[in-house]
Amino acid sequence: MTSHVADVLIPLALDTAYSYAVPDGLALKEGDVVQVPLATREVVGVVWGVREGPGGNFKKVTGVIDSPSLSPRMRKFLDWIAWYTLAPKGSALAMGLKLVDGDRPEVVRVGVKLAPQLPKRMTPARQRVIEAAQDGVVRLKSELAHLAGVSNGVVDGLIDEGTLETVALLQEPVSEIPNPDFRAAGLSDDQQAAAAALVASMHEEHAPVTLLEGVTGSGKTEVYFEAVAEAVRQGRQALILMPEIALTAQFLDRFAARFGVKPACWHSGVTGRKRERLYAGIASGEVKVTAGARSALFLPYADLGLIVVDEEHETAYKQDDGVHYHARDMAVVRGRIENAPVVLASATPSIETRVNVQRGRYRHVQLPERFGGRQMPQIRAVDLRRETIPKGRWLSPTLNLAIEDTLGRGEQVLLFLNRRGYAPLTLCRACAHRYECPNCSAWLVEHRFRRSLVCHHCGHVERTPQACISCGSIDSLVPCGPGVERIAEEVAETYPDKRSIVLSSDMPGGTERLRSELAAVAAGEIDIVIGTQLVAKGHNFPLMTLVGVLDADIGLTSGDPRAAERTFQLLQQVTGRAGRGEKPGRALVQTWQPDHPVIAALVSGDAERFYDEETRVREMAGLPPFGRLASLIVSAAEREAAEAHARAMALVAHPPPGVTVLGPAEAPLALIRGRYRYRLLVKTEREVDLQAYLRDWLARCPKVRGNTRVAIDVDPQSFL
Ligand code: ADP
Ligand code: ZN
Ligand code: ZN
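Just so you know, these numbers come straight off a predicted model, no measurement behind them.

Caption draft 1: Structural view of the site of ligand 1. Taken together, 15 residues lie around ligand 1, and Gln191, Gly217, Lys220, Arg254 and Asn540 are the ones closest in. Between lysine 220 and ligand 1, the recorded distance is 2.8 Å, taken from a side-chain N or O atom to an oxygen atom. A distance of 2.7 Å is found between an oxygen atom of ligand 1 and a side-chain nitrogen or oxygen belonging to asparagine 540. In the complex, the protein chains occlude 79% of the 550 Å² of accessible area that ligand 1 would expose alone. The dominant element in the shell around ligand 1, judged by the number of residues it contributes, is helix H7 (residues 220-233), at 3 residues. Within the shell around ligand 1, the residues separate by chemical class into 3 nonpolar, 8 polar and 4 charged.

Caption draft 2: Local environment of the coordination of the zinc ion (ligand 3). Coordination of the zinc ion (ligand 3) by the protein is provided by Cys437 (SG), Cys440 (SG), Cys455 (SG) and Cys458 (SG), with metal-donor distances spanning 2.2 to 2.3 Å. If you look at the zinc ion (ligand 3), its 4 donor atoms make angles of 104 to 114° with each other, and the shape they trace is tetrahedral. Mapped onto the sequence, the residues coordinating the zinc ion (ligand 3) show the spacing C-x2-C-x14-C-x2-C. On the criterion of sequence distance, the pair formed by cysteine 440 in the loop between strand S18 (425-428) and strand S19 (445-447) and cysteine 458 in the loop between strand S20 (452-454) and strand S21 (461-463) is long-range, its members being 18 residues apart. In this pair, the class of cysteine 440 matches that of cysteine 458, namely buried.

Caption draft 3: Examining the coordination of the zinc ion (ligand 2) more closely. Note on the zinc ion (ligand 2): its protein donors are Cys428 (SG), Cys431 (SG), Cys468 (SG) and Cys471 (SG). The metal-donor distances range over 2.2 to 2.4 Å. Here the zinc ion (ligand 2) is ringed by 4 donor atoms whose angles at the metal span 107 to 112°, and the overall shape comes out tetrahedral. With relative accessibility at 1%, the residue cysteine 428 sits in the buried group.

Caption draft 4: Representation of the sheet that holds strand S15 (residues 363-367) in the model. Overall, parallel pairing links the 7 strands, which are arranged S11-S12-S10-S13-S14-S9-S15 in an open sheet. Strands with a single pairing partner mark the edges of an open sheet, and in this sheet they are strand S11 (264-266) and S15. Strand-to-strand, the axes of this sheet are offset by a mean angle of 20°, without reference to chain direction. The pairing of strand S10 (residues 237-241) with strand S13 (residues 304-310) spans 5 bridges and is classified as parallel. Across the sheet, the residue bridging to isoleucine 240 is valine 308, located in S13.

Caption draft 5: Empty space enclosed by the protein, seen in detail. Enumeration according to the criterion identifies 3 cavities of 30 Å³ or more in this entry. Of the voids in this model, the largest cavity is the one considered here, and its volume is about 80 Å³. Contributing to the lining of the largest cavity are His313, Thr315, His326, Arg328, Ser350, Glu352, Arg562, Glu565, Arg566, Gln569 and Gln717. Ranked by residue count, the leading element in the lining of the largest cavity is helix H15 (residues 563-575), at 3 residues. When grouped by side-chain class, the residues that make up the lining of the largest cavity number no nonpolar, 6 polar and 5 charged.

Caption draft 6: Representation of the pattern of salt bridges in the model. A full pass over the atoms with the stated rule returns 41 salt bridges. Residue arginine 126 is joined to glutamate 161 by a salt bridge in which the shortest nitrogen-to-oxygen separation is 3.2 Å. In this pair, arginine 126 sits in helix H3 (residues 124-133) while glutamate 161 sits in the loop between helix H5 (152-160) and strand S8 (164-169), placing the two residues 35 residues apart along the sequence. A residue is classified by how much of its surface remains accessible, and glutamate 161, at 25% relative accessible area, is partly exposed. For the salt bridge of arginine 328 with glutamate 312, the shortest nitrogen-to-oxygen distance reads 3.1 Å. Taken as a pair, arginine 328 in helix H10 (residues 327-338) and glutamate 312 in the loop between S13 and H10 lie far apart in primary sequence, 16 residues in all. Of the two residues, arginine 328 and glutamate 312, both sit in the buried class. One salt-bridge network, in which partners are shared between bridges, spans Asp405, Arg409, Glu411, Lys583 and Arg586.

Calculation rules
- Residues numbered from 1 in each chain as written.
- Chains lettered and ligands numbered in written order.
- Predicted model: local features only at pLDDT ≥ 70, side-chain atom pairs only at ≥ 80, totals over all residues.
- Heavy atoms only, no water.
- Near = heavy atom within 4 Å.
- Polar contact = N/O pair within 3.5 Å; in protein donor to acceptor, adjacent residues only side chain to side chain.
- Areas by Shrake-Rupley, 256 points an atom, 1.4 Å probe, with all protein chains shown as cover.
- Helix = DSSP H or I, 4+ residues; strand = E, 2+ residues; numbered from the N terminus.
- Nonpolar A, V, L, I, M, F, W, Y, C, P; charged D, E, K, R; others polar.
- Donors = N, O, S within 2.8 Å, 3.2 Å for Na, K, Ca; no water.
- Tetrahedral: all angles 85-135°; square planar, octahedral: opposite > 155°, others 65-115°.
- Buried < 20%, exposed > 50% of the residue type's maximum accessible area, 1.4 Å probe, protein only.
- Pairing = 2+ DSSP bridges.
- Axes fitted to C-alpha atoms, helices over the stretch in contact; angles between N-to-C directions.
- 1 Å grid on protein atoms, 1.4 Å probe; cavity = no way out; pocket = protein on both sides within 12 Å on 5 of 7 lines; lining within 4 Å.
- Points joined across faces, edges and corners; volume = space filled by probe spheres on them.
- Salt bridge = Lys/Arg side-chain N within 4 Å of Asp/Glu carboxyl O.

In structure tokens:
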């Protein structure tokens, strides 16, 4: 009888698989999930290899776990990510392994439906709930509230009054199969041609990557839905990656309108049994369409036939801790391994993707116009050097005129400022003390709703003091500069009889509340929305015809090589919220630098010229995608330790031709969460094997000691 040895990869920060003896009679194959002893514990791991050989010296595999085994393609993908990002293989595995521990009880779900009892008091919100419930379908409370565009509280009130009755629900199937022919698409000619190109690409022998580029409101979603429909017809699975899945209720409704059911959703808010069942359903192939945040890329699809990366330019696709990966780029890799076509959708594609199109590596499908003959918004710069704005105010006379005009016609206004809180800096009028985070090199941001000062880097919160902590003066603190809360104050004073709302990611009430507020905006219940970048993305507000950008220059001055590109993308997205409904829209962009190329491109609508110029600058500087970058952050609880280790690393860098190592330098954010940070930046020519160089170098580096850590970020997006 031959004996076998299994090499088992354990989902911890370990780079190699450990060998275990396979007990007689246990049939193990690669990809199986097993339990093995590790030091004094029992842990779960995945068989990465099985070979014949005497297992005498090794500990034995304890047993096989009832969890879907990982396919060769999935294992290849995880190996690839570990190779590319230089993360330990075990850390890559940890992202792809969710274990089934099946004995938690199922939560009883409660739905609501309409009863014949009318409420004593009728309000417009209640009326909408009743209308939404007319169809007799039993829904979850939150679903009904969302459908009616009201808060859960309105639904609760109707339950109390007996207008709605509660019903226990059976366990729902993990996800229903979308019907590709539920509703015909009804596409315009342009859309039809784009969809046909995507569908055709799904029948090719070698699956391509396609950039689906279309201006905001051109209907990219409707177009890639046709590719999703084709995947379902083929009996294969589709994955739609989105930057912000928790706030995409509108997207889910549109999907349901096209396919009859919602897609399966995967994000960090999906927990417990639901998560396990989805994982198993995706592994078995039962779940056909998954919409998810970047982590959905690591699910064990049985037969992946399509990956869509919506808003492919979004920075949210980059994970900046643990395994530093970019979900868009890894989606392309996974597509190649699975031989699944990849569609990258955006109104403002990243320069990386555009260059891949130019090099002929990606295809290009375009939607040049808005759907339904709608016009792109007219964009104008408001030159802040020529406007007189009272101290402590931020809306220019020109913008105020436009707001009045818009509100006068019963339409909606969006005021965009990418700064959360009330004021980005607080100082003492008496002693000039500036309020700074104790753990980070960052100012504390005043949040007036919460009456506190907050660090946006580590989450440190303190109550806004009555007396200055430095000199003891009473009521001497002054806010400097605006955040959205401060704009809300100005709006309330200027437009006292209008309904306004602040939408930002950190307002009380969390995701649930944001969802219902977004629905309320879409339903026209709000006149003026004041929002951060949260509102820039993907939402459709049909009555919104004016977008005011309060400070277009934020972000242009950061040291980030992508600063101009990012600002352009963000402003293009946010101004694209205007005029998506029947009525034409316009945008006013307040700026101190109306001649800046980003602002000029926005106003002229000549995105092409801007992109060409940016691309040329990148090429001349040898920056991505014309050269390659990796950043290494050395951090420690003591500044000296971090600096000393970074210097010791630099000493053995020995860069070969084509490679430059810059630094170490103190990071712009020199202190985060009590850790001091030093940066080294590796810059190479495009043909250089960056990973091989990094591995060589790291092997020469001294071992880290104490609490010192080195974080490696290949293709960094953040330079802080
Ligand atoms: P994009 O993602 O390109 O900004 P969307 O896919 O969100 O555009 O579409 C913009 C709006 O136009 C949405 O309200 C959408 O429902 C509508 N729309 C786009 N194409 C169609 C179509 N073929 N039929 C009906 N409505 C459409
Ligand atoms: Zn003071
Ligand atoms: Zn902090």
